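What follows is each chain in one-letter form.
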Amino acid sequence: MITEAILKVFMSVSAFFINLLPDFTFELPENVLSGLNKLASNVGFFLPVGGLSIIFTIWLSYNAFRIFCAIIIRLFKTLGKG
């Protein structure tokens, strides 16, 4: 109960200071997506999709193997066999 009261006071003080901040608007320029499209096409020129898929497959299988080994090691330690 004491912790909850302390948290409520902290949250109300922080909410008060956040409400004092002025409003802001966030707008993206219209040509952002065309810039991202140009960037992706330039990367694709130097590193074709076929190469990316091979790299991604190797990375994914490596991480899956690490996760599988970590789970097996954790199970053996939990069961007391390691």
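The residue numbers shown here count from 1 along each chain, following its written sequence. Only residues with pLDDT of at least 70 are given local features in this predicted model, and only at 80 or more are side-chain atom pairs given and counted; all residues enter the totals for whole chains, interfaces and linings. Excluding hydrogens and water, the side-chain figures rest on all heavy atoms present in the structure.

## Considerations on the overall build of the protein
Stage number 1. Looking only at helices and strands, one finds three helices and zero strands in the protein.
Stage number 2. Secondary structure counts use DSSP, requiring at least four H or I residues in a row for a helix and at least two E residues in a row for a strand, with both numbered from the N terminus. Order of helices (α) and strands (β) in the protein, N terminus to C terminus: α-α-α.
Stage number 3. Within these notes, the globule rule equals 2.2 Å times the number of residues to the 0.38 power, and the radius of gyration is based on C-alpha atoms. Since a compact globule built from 82 residues should have a radius of gyration of about 12 Å, the 26 Å found for the protein marks it as more spread out than a globular shape.
Stage number 4. Principal-axis analysis of the C-alpha atoms places the extent of the protein at approximately 60 × 55 × 10 Å.
Stage number 5. Buried residues in the protein amount to 1% of all 82 residues. Relative accessible area decides the class of each residue, using a 1.4 Å probe on protein chains only: under 20% of the type maximum gives buried, over 50% gives exposed, and in between gives partly exposed.

## Here's the deal with a nonpolar patch on the surface
Stage number 1. To count toward a patch, a residue needs a relative accessible area above 30% and no salt bridge. Like charges then connect within 9 Å, nonpolar side chains (Val, Leu, Ile, Met, Phe, Trp, Tyr) within 5 Å. Under the convention used here, a 1.4 Å probe and the Shrake-Rupley method define accessible areas, while residue burial counts only the protein chains that appear. Note on definitions: salt bridges are taken to be side-chain nitrogens of Lys or Arg within 4 Å of carboxyl oxygens of Asp or Glu. Taken together, the side chains of Ile67, Phe68, Ile71, Ile72, Leu75, Phe76 and Leu79 present a nonpolar region at the surface, about 700 Å² in accessible area.
Stage number 2. What makes Ile72 partly exposed here is its relative accessible area of 31%.

## Description of helix H1 (residues 2–20)
The α-helix winds at 3.6 residues per turn, so residues separated by three or four positions along the chain end up facing the same way.
Stage number 1. With 19 residues, H1 should reach 27 Å at 1.5 Å per residue; the first-to-last C-alpha distance of 28 Å fits that figure.
Stage number 2. Summarising burial for H1: zero of the 19 residues are buried, a small minority. For a helix, the expected span equals 1.5 Å multiplied by the number of residues minus one.

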